[in-house]
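What follows is the residue order along each chain.
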Amino acid sequence: MGTKYVGKPIPRIDIDKVAGDAEYPYDFTLPGMVYAKLVAAPYAHAKILKIKYDEALKVPGVLAVFTGADFPFKVGIYAADRDVLAREKVLYYGHPVAAVVAETLEAAEKAAELIEVEYEPLPPVLDALEALKPDAPLVHEKLHEYKHAPFIYPKPGTNIATHLKLRKGNIEEGFSKADVVVENTYYEPLISQGYLENWVGVARVKSDGTVEIWSSHQSPFAVRNLLATSLGLPIHKVVVHHMYIGGGFGGKAGLLLEHIPVLFSMKLGGRPVRLELNREENYFYMAQRAGYYFKMKTGATKDGKLIAHWGEYILDAGAYADYTVNVARSVGLKPFGPYEIEHVHTDAYAVYTNKIPTTAFRGFGLMELYFASERQMDLLAKKLGMDPVEFRLKNVLIPGKSITHTQERLREDAGDPAGAIKEAAKLIEWGKPPEQPKEPWKFRGKGIAAFWKGPVQPSNAASSAIVKLNDDGSVDVLVGTGEMGQGTITSLAQIVAEELGIPVEKIRISPERRTDMVPYTWQTVGSRGLFSEGQALIRALEDLKSQIKKVAAQVFRVFEDQIEIRDGKACVVGEPWECISLAEMALGYMYPNGNTIGGPLIGRGSHVPVRTSIPDPETGKSVPAPFYTFGAGAVEVEVDLITGRVKVLKAVMVLDTPAINPLLVAGQVYGGTVMGINIGLLEELKFDKNGRLMNPNFTDYKLARAADIPEEMIFKCLGVGQKDAPYGAKGVGELTMLPWPAAIANAIANAIGVELYELPMKPDKIIEEVKKQRPELLEKVREALKVKG
Amino acid sequence: MAASKSVLVFHTLLPEFEYFRPKTLQEALELLDKYKGDARILAGGTDLLVDMRMRIKQPKYVIDIKGIDELHTLKYEEGKGLTIGATVTLDELLNNKIVKEKYYVLWDAIRQLADTHLRMKATLVGNICNASPAADSAPALLVLKAKVNIASVNGTRTVEIKDFFKWVKKTILEPNEMVTSIFIPEPPEGAKGRYLKFVRSAEDLALVGIAALVANPKDPAKRIVRIALSSVAPTPVIVEEVEELFKQDKPLSELAEEAVKLVMSKVSPITDVRATKELREHMVEFGTRYLLKTLLEG
Amino acid sequence: MAEKLIPITLKVNGKEYKVEVKPNETLLFVLRNKLNIKSVKGTCYRGECGVCTVLLNGKPVKSCLVLAAEADGAEIITLEGLAPFGTLAPIQKAFIEHGAFQCGFCTPGFILTAHWLLTNKPDATEEEIKEVLSGLICRCTGYKQIIEAIKAAAKYYKQDKQKQ
Ligand SMILES: Cc1cc2nc3c(=O)[nH]c(=O)nc-3n(C[C@H](O)[C@H](O)[C@H](O)COP(=O)(O)OP(=O)(O)OC[C@H]3O[C@@H](n4cnc5c(N)ncnc54)[C@H](O)[C@@H]3O)c2cc1C
Ligand code: FES
Ligand code: FES
């Protein structure tokens, strides 16, 4: 790009994080703050008979004990299915049943121990397939009373929180034309987002009824609007303060637990209330990621064309499906990889069970989906006797031509799906067999997976931006997007720098956003931040620039189109010595005689996704997203049959989009790669037969460490931009995670000839499957380990 | 985690206790005797403080022994052995030349125990006294035939490490006793050892840990082979029959096969949150094979 | 049981503090809540993640597993103490240049650990760097840029060592 800032590896602007004075909700306090502590039920499903807390109230410093009865209403974003504290029933092991508020955390913890609850245990339903059976216990008997978004389809009288249909072509006809068919069920357990900052919220209510909250959330405006609707408050009386947050990965999207400290503060005469979760609590009280069953049947003709795909996708949503219903929409509307298939018929269900509630996670269901569908691709290729890369290229979507699963003709500048696959194959040296290690118990193989994704958002998901010019030529940018580490604010600063020709150092984007002081943005999710905020910002800059030009044109007595802005100055085109600096006109340009024109210059800009539409409830036909990022990932793995561990030696990722900032994109790629690999190999929330979560800690919920990362990670951006995207750049944040579990499973099959259909691909599973599918390999290892002599 | 049966409370704070920091062993022993079961020794605290926050242990009195100079001994006597005091940290051992050269199997285990940061505080004695079945130093100490020196106000006693563990997280220590040091005799002439730790990621507790010590493999008369394991039974275990077996004058290949069978028959792994029984059995078998091949042939 | 307050002295980032602590207060909470040193984070409170890392008498420890009472008389360095206020130490600059942080929640622990490692072993190999970092968790970055930043900063520590 012929640019000075955009496209360059500019270091992040949030450098207070390395200095040590970056402020997170975890660090936030208010004078006179009191502490809330939740207590939970030790049953997966039980009727609450009685709650006794007089002893708790006697503990010095205790101000109040609350129970579900104090808050007789539900909250939620897409499906308002959540109780503030459990009412009537507890729905999962670890479900909060009561809360203590006290002057100190010590007092709150002491009092919490003294609360007694009587239950009548009910049979729990702990598996999504079980939950679909007609005689399954119901998690939510009153589903018919719950409010929900129009594009969510709950089925009262069942455990179905939503059902998404997608129909394209004629599925029977499709399979009648298929020469080869593969049919499998894939399983992926519930997992955790694993961000490091536990959820914290500090709330207070002012005497005029204004509610203020500082909390760990991704999207301040979503929190504001949902708090207002859930609690029946006018929107302008809810002020949400966004600070840096210690990671989100989808787990802090929508409304989290903000209503709890807010409600407590209301009941306590406005006193500031802090609710801070510890790690165990964060596992139980925050929503995790759903579990998945994918039943898939996919057919192709003998010349290698995909022709039909049937699927039943079942999301184990846990006790509350508030956000997972939208994840079901994501996999429901993008039910297969970036390939054209004439006949598609899928049903996606989010199903309630008596487990931890679930919500979004980076990738919004698609990493999970592609584990299944990109395995299908390899298994089909194998049946056809075709090379997996060749098979993919034969079916990949072609911009301007292909009709997607939602019957949308892909826009001409949609990207380069084929290019990404080809480049990934090249970088992993596809076709060249891996060099086998000298230890006869280690086996290497290669695998590939392709992906695509756009943001899953309502068709009116808006963004806006304001740019204020200061009297020294510096700039304040006001946006509502959250900063959870993804680096959007640095990219936005680069755009401002580029457009105004000023250095990044002259731009401030405050780490704090107050919803009453920054312009609206729907949510910071779905890798939409840069695309949406970026467009709003570019419009704001256009607005500002036209004001600058107007003033300069008047000063130089030329037309506005004869003014250009460069290096922080407005100059007459062709006469770069005829300039006025932006500083001189920021607050109004003053002539030598004192006459002043202009006035403080403020640019504003808005964005809504264009041409996206609401899916048809019967077929899913729609334009679901304003852009798709296409890409592919490939790996070389080594399977060790002594330890059962799989090591990714090399991981390559190719994205079709240009990068506003290669340094930031690299960070997203490495982070997403390590996360995706770890999810593929290790991560799972483990429940015992009573529904008790057994690993609510980092000791047994294993996150990757520095010594676990691949020896080599490479990535490439092809630079194929979409015309309406800021500098062509599409979202990348979530995309970087999508191919890994699938690529690894494909590589394991390549290495040891063992086909896997379940995550995680942990040592237990590897050894178990080797014993089943390739016992002779273990014999070989035994032989190799024979002691000589 | 929960104190009362009917609710779960996940604590952020440690329970209340009284803190003592005695300067002499005698003082510590007297406190221990006075408070008996209500008191706990604090060494590095990397096990104790976690257990306390989780309310698994709730001592009313905590006796920090790090101020007692006489417990900070790390002394090697040529021909006799190595004494490791109760407050010697794992980091100190890792940086000790004698440990690395003479007691490699122990060094190898410590290298893989927890992480750099924790080893700055965690002690070897604490690892043993905590008596986790997964204690990484235990198999190494078992194959080295370490001895545990114990003291109370009533006097001192010494027990073999193999007799020290009683059950999951239980030792033979009486409530008024503490460990003052571990003594490791001079290892057999020419001994080589390895600790093989099976893990899920770069930082993990042992799914299975196997320590092996081999001396003079080619000479049946002087041959010594010992194998001990962690995470395969309620306590760390040494398979004592292995040493006997290798005294026989048979081809090494045959002995090794028999040893694998023997080890397999002496362990009783279970399925838990970290691994299945089946995986653990696989690890025991292939780990033992791997170690024997490496140490007997090498 | 009446909880006795224990008077202790801590020297944090060169400054001496006298505070009274409860026996069950960890160093982490005393630094954060009593001395207002907020760069030291907490999340797992069980020694797993290392966001609470401080240099205690020159060594990296996880302050969630240290009683404040145990640390009586100790010298402590936190991220705030690496460079004079308003300036950045070479390791901090390297983290910025190499994009070695995202959400930043783990960053104080990583920088302190790296500083300790390079001070003692400026020629640490990539293997050694990874090994030492493996006591810490970062969920955002995938570690690669952190390792690169540490390797790049090593030259400043080598120079320092030569000067000594
Ligand atoms: C994140 C993490 C990872 C870990 N990883 C590992 C690992 O990989 N492998 C492993 O084996 N362990 C591991 N551990 C456990 C722990 O670090 C070790 O067991 C350590 O060696 C304990 O030593 P300490 O000095 O900290 O013990 P402390 O916690 O001080 O004491 C442990 C127990 O022993 C008692 N005790 C201590 N000293 C004495 C004494 N002299 N006499 C009588 N009783 C005494 C204490 O009262 C307490 O009950 C890990 C712990 C954590 C938090
Ligand atoms: S908070 Fe101390 S290690 Fe996690
Ligand atoms: S930068 Fe977020 S956890 Fe490391």
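Residues numbered from 1 in each chain as written. Chains lettered and ligands numbered in written order. Predicted model: local features only at pLDDT ≥ 70, side-chain atom pairs only at ≥ 80, totals over all residues. Heavy atoms only, no water.

Asks: Looking at this structure, how should I read the overall build of chain B?
Replies: Each helix and strand in chain B was counted, giving eleven helices and 14 strands. The C-alpha radius of gyration of chain B comes to 20 Å, within 12% of the 19 Å expected for a compact globule of 298 residues. If you line up chain B on its principal axes, its C-alpha atoms span 60 × 50 × 30 Å. Across the 298 residues of chain B, 63% fall into the buried class. Here the contacts in chain B between residues at least 6 apart in sequence split such that 61% fall between residues at least 24 apart. As presented, chain B carries roughly 11,200 Å² of accessible surface, and 51% of it is formed by carbon and sulfur atoms. Averaged over its 43 positive side-chain charges, chain B has a centre that lies 2 Å from the centre of its 41 negative ones. (Helix = DSSP H or I, 4+ residues; strand = E, 2+ residues; numbered from the N terminus. Rg over C-alpha atoms; globule rule 2.2 N^0.38 Å. Buried < 20%, exposed > 50% of the residue type's maximum accessible area, 1.4 Å probe, protein only. Contact = heavy atoms within 4.5 Å. Areas by Shrake-Rupley, 256 points an atom, 1.4 Å probe, with all protein chains shown as cover. Lys, Arg positive; Asp, Glu negative; His and termini not counted. Charge placed at Lys NZ, Arg CZ, Asp CG, Glu CD.)

Asks: Help me understand the overall build of chain C in this model?
Replies: Summing up its helical and strand segments, chain C has five helices and five strands in all. Its C-alpha radius of gyration of 16 Å places chain C within 12% of the 15 Å reference for a compact globule of 164 residues. Based on the C-alpha atoms only, the size of chain C along its principal axes is roughly 50 × 35 × 25 Å. For chain C, the proportion of its 164 residues judged to be buried stands at 63%. Within chain C, residue pairs in contact and separated by at least 24 positions form 53% of the contacts whose partners lie at least 6 positions apart.

Asks: Hey, could you run me through the interface of chain C and chain A in this one?
Replies: One frequently used descriptor of interface size is the decrease in accessible area upon assembly of the parts. Taken together, the contacts link 46 residues of chain C with 52 residues of chain A. Here chain C meets chain A over a buried area of about 4,000 Å², counting both sides, of which 57% is carbon and sulfur. In terms of surface lost to chain A, no three residues of chain C exceed Gln102, Phe105 and Arg139 of chain C, which account for 19% of the buried area on that side. Connecting chain C to chain A are six salt bridges. Between Arg705 of chain A and Glu48 of chain C there is a salt bridge, with its nearest N and O atoms 3.0 Å apart. Linking chain C to chain A there are 30 residue pairs in polar contact (both at pLDDT 80 or more). Among the elements that take part in the side of chain C that touches chain A, helix α2 (residues 90-97) of chain C stands out by supplying four residues, more than any other. Grouping the amino acids of the side of chain C that touches chain A by side-chain chemistry returns 21 nonpolar, 14 polar and eleven charged. (Buried area = accessible area lost by both parts, 1.4 Å probe. Salt bridge = Lys/Arg side-chain N within 4 Å of Asp/Glu carboxyl O. Polar contact = N/O pair within 3.5 Å; in protein donor to acceptor, adjacent residues only side chain to side chain. Nonpolar A, V, L, I, M, F, W, Y, C, P; charged D, E, K, R; others polar.)

Asks: What is the right way to look at the environment of Gly644 of chain A in this model?
Replies: Residues and elements named next belong to chain A. Looking at the element boundaries, Gly644 is found in the loop between β31 (629-640) and β32 (646-655). Owing to a relative accessible area of 0%, Gly644 belongs among the buried residues under this scheme. Not counting residues within four places of it along the chain, the set of residues in contact with Gly644 comprises Lys762, Pro763, Ile766 and Ile767.

Asks: Sorry if this is basic, but what is going on with the sheet that holds strand β10 (residues 180-188) of chain A here?
Replies: Strand pairing in a sheet relies on backbone hydrogen bonds. The paired strands run either parallel or antiparallel. All names here are of chain A. Within the open sheet, the five strands sit side by side as β9-β18-β17-β16-β10. Their pairing is mixed. In this open sheet, the two edge strands, each paired with only one partner strand, are β9 (160-168) and β10. For this sheet, the mean angle separating the axes of adjacent strands, direction not counted, is 5°. Across ten bridges, strand β16 (residues 291-300) lies against strand β17 (residues 306-318) in antiparallel orientation. Residue pairing in the sheet places Tyr293 in a bridge with Ile314 of β17. Running over the sheet, helix α10 (residues 366-384) touches β10, β16 and β17 and is turned about 150° from β10. (Pairing = 2+ DSSP bridges. Axes fitted to C-alpha atoms, helices over the stretch in contact; angles between N-to-C directions.)

Asks: Could you clarify how one ought to interpret the packing of α2 of chain C against helix α5 (residues 144-163) of chain C in this entry?
Replies: When two helices pack together, you describe them by how their axes are tilted relative to each other and by the distance separating the axes. Residues and elements named next belong to chain C. Following both chains from N to C, one finds α2 and α5 inclined at 145°, their axes separated by 8 Å at the closest point. When the axes of α2 and α5 are compared, the crossing they make is right-handed. Counted together, Pro90, Ile91, Ala94 and Phe95 of α2 and Ile146, Ala149, Ile150, Ala153, Tyr156 and Tyr157 of α5 form the full contact between these two elements. (Left-handed = near helix turned anticlockwise from the far one by under 90°.)

Asks: How should the domain arrangement of chain C be read in this particular structure?
Replies: All names here are of chain C. Split by domain assignment, chain C resolves into domain 1 (6-81) and domain 2 (90-163). The C-alpha-based centres of domain 1 and domain 2 are spaced at 21 Å. Between domain 1 and domain 2, the residue contacts involve 18 residues of the former and 13 residues of the latter. Interface area lost by domain 1 to domain 2 is led by Thr53, Leu55 and Leu79, which between them contribute 39%. There are zero salt bridges connecting domain 1 and domain 2. Taken together, the connections running from domain 1 to domain 2 amount to three residue pairs in polar contact (both at pLDDT 80 or more). Sorting the residues of the side of domain 1 that touches domain 2 by element identifies β3 (53-56) and β4 (59-62) as the ones contributing at least two each. Of the residues belonging to the side of domain 1 that touches domain 2, the class tally is seven nonpolar, seven polar and four charged. (Domains from an automatic or database assignment.)

Asks: Help me out: how do you make sense of the interface of chain A and chain B in this one?
Replies: Contact residues are listed per partner, giving 52 residues for chain A and 46 residues for chain B. Between Arg782 of chain A and Glu285 of chain B there is a salt bridge, with its nearest N and O atoms 2.5 Å apart. Counting every contact that joins chain A to chain B gives 30 residue pairs in polar contact (both at pLDDT 80 or more). Contributions of two or more residues to the side of chain A that touches chain B are made by β1 (34-40), α3 (105-112), β8 (116-121), α8 (279-285), α18 (763-773) and α19 (775-784) of chain A. No other element matches α3 of chain A, which puts five residues into the side of chain A that touches chain B. By residue class, the composition of the side of chain A that touches chain B is 27 nonpolar, six polar and 19 charged.

Asks: Teacher, can you tell me more about the site of ligand 1 here?
Replies: With respect to spatial proximity, 37 residues lie near ligand 1, and among them Ile41, Thr46, Asp47, Thr123 and Asp136 of chain B are the closest. Two or more chains meet at ligand 1, and those chains are chains B and C. Separating an oxygen atom of ligand 1 from a backbone N or O atom of Gly45 of chain B is a distance of 2.7 Å. In the complex, the protein chains occlude 96% of the 980 Å² of accessible area that ligand 1 would expose alone. Secondary structure elements with two or more residues in the shell around ligand 1: β2 (39-42), α7 (124-130) and β10 (178-185) of chain B. Of the residues forming the shell around ligand 1, the biggest block, five residues, is contributed by α7 of chain B. Counted by class, the shell around ligand 1 contains 20 nonpolar, eight polar and nine charged residues. (Near = heavy atom within 4 Å.)

Asks: Looking at this structure, I do not really get the sheet that holds strand β12 (residues 208-215) of chain B. What am I missing?
Replies: Residues and elements named next belong to chain B. Pairing is antiparallel in the open sheet, where four strands are placed in the order β11-β12-β13-β14. This sheet does not close on itself; its edge strands, each paired only once, are β11 (192-198) and β14 (237-238). The sheet contact formed by β11 and β12 spans seven bridges and is antiparallel. Each residue of the ladder has a partner; that of Tyr195, found in β12, is Ala211. Contacting β11 and β12, helix α5 (residues 104-111) crosses the sheet at an angle of about 20° to β11.

Asks: So what exactly am I meant to see when it comes to the environment of Val351 of chain A here?
Replies: All names here are of chain A. You can see Val351 is positioned in strand β18 (residues 343-352). Owing to a relative accessible area of 0%, Val351 belongs among the buried residues under this scheme. Here Val351 is in contact with Ala128, Ala131, Leu132, Asn159, Ile314, Leu315, Asp316, Ala317 and Gly318, once residues within four sequence places are set aside.

Asks: What exactly am I supposed to notice about the pairing of strand β25 (residues 563-566) of chain A here?
Replies: Across a regular strand the side chains alternate sides, sitting on one face of the sheet and then on the other. Residues and elements named next belong to chain A. Here β25 shows a clear split, with Ile563 and Ile565 buried on one side and none of Glu564 and Arg566 buried on the other. Bridge count between β25 and strand β26 (residues 569-572): four bridges; the pairing is antiparallel. The partner of Ile565 across the bridge, within β26, is Ala570.

Asks: What am I meant to see in helix α4 (residues 126-133) of chain C here?
Replies: Side chains of residues three or four places apart in an α-helix project in the same direction, reflecting 3.6 residues per turn. Turning to α4 of chain C, its buried residues are Ile129, Lys130, Val132 and Leu133 of chain C. Down the axis, α4 of chain C shows its buried residues gathered within 165° of arc, on one side only. Tucked into the core, α4 of chain C has its buried residues touching α6 (116-119) of chain B together with α3 (107-120) and α5 of chain C. (Arc of directions from axis to C-beta.)

Asks: Is there a simple way to think about the packing of aromatic side chains in this case?
Replies: Throughout the structure, instances matching the rule amount to 36 aromatic pairs over all chains. Each member of the aromatic cluster is reached from another via a ring pair, and the members are Tyr24, Tyr26 and Tyr244 of chain A together with Phe105 of chain C. The ring of Phe687 of chain A carries the charged tip of Lys355 of chain A above its face, separated from the ring centre by 5.3 Å. (Phe/Tyr/Trp six-rings, centres within 6.5 Å; stacked < 30°, edge-to-face > 60°. Lys NZ or Arg CZ within 6 Å of the ring centre and 35° of its normal.)

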